[in-house]
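Spelled out, the chains give:
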Amino acid sequence: EFPLVPFLFGPDGENLYDSSAIAAWLDAQSPRPGSRATAFLPADDPALRFAVRLLDEAFDEIGLYLVHHNRWVVAARDNDAGVRLARELRPLWGPFTALVGHFFPARQVRRLPYLFSVAPRDGSAFFDLPPRLRPPARAGFPPTHALLDQAFTELLATLEPLLTRQPYLFGARFTLADASLFGQLAMNRADPSAHARVACLAPQTHAWIERIAQGDFQAHDANAPLSLDERHAPLLDWICRTFIPLMQQNYDAWLRHSAAGETRYNEAAFDAGRALYDGTLLGHPFRSVVKTFQVRVWRDLCAERDALDARQHAALERWLPRGQGLRYRGIG
C-alpha cells in the first residue's frame, strides 16, 4: 500500500510496515541499545514498557475506527481525502488519478461497517449527500455512531489534562505511545469538521498535535525519566472499557468460530456474512467480524503481561480500575 503506508527496509532484508515493529527495530539498531536517548520503548522498566505497548496497540486498533469514522461520517461533507490521494498517486497513475479521486471515497464509505461504523437505519442525517457518500447502515447490525462518538469524546477527555501537564504521554520524552496517538489523531488534521471537533473539545491536545505535525520537539528531553502514575489512571480506565473488552470479545469469537471449523475471517468474511459475532462496548451493542490481526495483538499483549513478575504486575495494576485488567482465555 505504499505510499499510503510507510515501509522500512533494513540492511539484512527486513521489510517492516507496522509502526510497532519499526519502533522495536529502531531501538534494537541504535548505537546505544536500551539507552534513554534512543529508545521508543523503555528498556529498564518492564511494567512501564508494557504500559507504552498497551497504549500503542489500543490507539492502533480503536484509534483506526475513530479516525475512519471521523473522516467519513463526522467530516462527510467537507473532507477531500479522495482528491488528496489522487494528488499523491499522480506520479504512479498519471491520467487515471481522477478515477481514484472519485472512487476512493465511495470505497471507504462502503467499508465503514467493516471498520465498526454503522449508521442508523433511517439515514436521515445524510440525505443531502450523494448516495455513494452516505454512511451506510447494515441489515442486522446495531448502529454504532453514538458508540464511536462517545469513545472519541471520552478519549479526548482523558488526554487533555495529561497533555496539559506534560509534553508527552509519559513525561518529557517521546515514546512509541506518542507516535501511535499522533499517527491516529493527525490523520484527521485534513478533515475540517473532525479537526475542528478536536480543537473545540480538547484545545491542548489539538495544540500537541499541531506541534508534532510541525516537527516541534523542543520539549523532548532524551534523557528524561518516564513515569506511570495516577495521571494515567483515566486513560487506562478508557482502555479497560474500550480496547480490552473489544480484543477479548474478538478473541472469544475467534475461538468459537475456529472450533466450529471456520477458516475465513477479516474483510472477506465480513463481505460474505461469515465469522460474525455480537458484543457490547460502553453499554452499546455492536456486531463485528473476527479479525485475526486483533487475535495476534491480543495474544502478544497477554504474553507480555504474563511475563511481568509480581512486583511489576502490581506497579501496573495499581493504576487500572478495580477488577479490570488483561484476561486471556486460551484454547485449552
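Computed from a predicted structure; not experimentally measured.

### Some words on the overall build of the protein
And step 1. Tallying secondary structure elements over the protein gives 13 helices and four strands in all.
And step 2. The C-alpha atoms of the protein give a radius of gyration of 20 Å, which matches the 20 Å a tight globule of 332 residues would have.
And step 3. Once the C-alpha set of the protein is aligned to its principal axes, its extents read approximately 55 × 50 × 45 Å.
And step 4. When each of the 332 residues of the protein is scored for burial, the buried share is 50%.
And step 5. Summing over all exposed atoms, the protein offers an accessible surface of approximately 15,600 Å²; the carbon and sulfur share of this is 56%.

### Some details on the side chain of Lys-291
And step 1. Along the chain, Lys-291 falls in the loop between strand E4 (284-289) and helix H12 (292-306).
And step 2. Sequence-distant contacts of Lys-291, that is, excluding residues within four places in its chain, are made with Tyr-65, Tyr-114, Leu-115, Asn-250 and Asn-266.

### Considering the packing of helix H9 (residues 233-241) against helix H10 (residues 243-259)
And step 1. Two numbers describe how H9 lies on H10: the axes approach to 3 Å, and their chain directions differ by 25 degrees. The angle between the axes of H9 and H10 places the two elements in the roughly parallel class. Residues Trp-238, Ile-239, Cys-240 and Arg-241 of H9 touch H10, and the partners they reach there are Phe-243, Ile-244 and Pro-245.
And step 2. Residues of the contact of H9 with H10, tallied by class, amount to six nonpolar, no polar and one charged.

### Observations concerning the pattern of salt bridges
And step 1. For the structure on display, the rule yields 16 salt bridges.
And step 2. With a shortest N-O distance of 2.8 Å, Glu-267 and Arg-111 are connected by a salt bridge. Of this pair, Glu-267 sits in helix H11 (residues 266-272) while Arg-111 sits in the loop between helix H4 (97-110) and helix H5 (145-165), and the two are 156 residues apart along the sequence. Like Arg-111, Glu-267 is buried.

### A short note on the pairing of strand E3 (residues 276-281)
And step 1. Here E3 shows one buried face, formed by Tyr-277, Gly-279 and Leu-281, and one open face, formed by Leu-276, Asp-278 and Thr-280.
And step 2. Sheet topology note: the E3/E4 ladder contains six bridges and is antiparallel. Note on E4: the bridge partner recorded for Leu-276 is Val-289.
And step 3. In sequence, E3 turns back onto E4 through a hairpin of two residues, with Leu-282 there showing a positive phi of about 55 degrees.

### Overview of the environment of Pro-6
And step 1. Within the fold, Pro-6 resides in the segment before strand E1 (8-9).
And step 2. The exposure class of Pro-6 is exposed, given its relative accessible area of 57%.
And step 3. The sequence separation of Pro-6 and Leu-16 amounts to ten residues, and the corresponding C-alpha distance is 8.5 Å.
And step 4. What Pro-6 contacts, discounting residues up to four positions off in sequence, is Leu-16, Tyr-17 and Ile-22.

### Some words on H4
And step 1. End to end, H4 covers 20 Å across 14 residues, agreeing with the expected 20 Å (1.5 Å per residue, within 8%).
And step 2. Among the residues of H4, Thr-97, Val-100, Phe-104, Pro-105, Ala-106, Gln-108 and Val-109 are the ones counted as buried.

### Describing the nonpolar core
And step 1. In terms of nonpolar packing, the biggest core is built from 76 residues, with Leu-55, Leu-169, Phe-170, Phe-243 and Leu-246 touching the most fellow members.
And step 2. Element by element, the count of residues in this core is highest for helix H2 (residues 46-74), at eleven residues.
And step 3. Not counting the four nearest positions on each side in its chain, Leu-246 is found in contact with Ile-62, Tyr-65, Phe-116, Tyr-277, Leu-281 and Phe-286.
And step 4. Counting 14 residues, the second largest nonpolar core, distinct from the first, contains Ala-76, Ala-81, Val-100 and Phe-104.

Calculation rules
- Residues numbered from 1 in each chain as written.
- Predicted model: local features only at pLDDT ≥ 70, side-chain atom pairs only at ≥ 80, totals over all residues.
- Heavy atoms only, no water.
- Helix = DSSP H or I, 4+ residues; strand = E, 2+ residues; numbered from the N terminus.
- Rg over C-alpha atoms; globule rule 2.2 N^0.38 Å.
- Buried < 20%, exposed > 50% of the residue type's maximum accessible area, 1.4 Å probe, protein only.
- Areas by Shrake-Rupley, 256 points an atom, 1.4 Å probe, with all protein chains shown as cover.
- Contact = heavy atoms within 4.5 Å.
- Axes fitted to C-alpha atoms, helices over the stretch in contact; angles between N-to-C directions.
- Parallel < 35°, antiparallel > 145°, perpendicular 65-115°, else oblique.
- Nonpolar A, V, L, I, M, F, W, Y, C, P; charged D, E, K, R; others polar.
- Salt bridge = Lys/Arg side-chain N within 4 Å of Asp/Glu carboxyl O.
- Pairing = 2+ DSSP bridges.
- Expected span 1.5 Å × (residues − 1).
- Core = buried A, V, L, I, M, F, W, Y, C linked by side-chain atoms within 4.5 Å.

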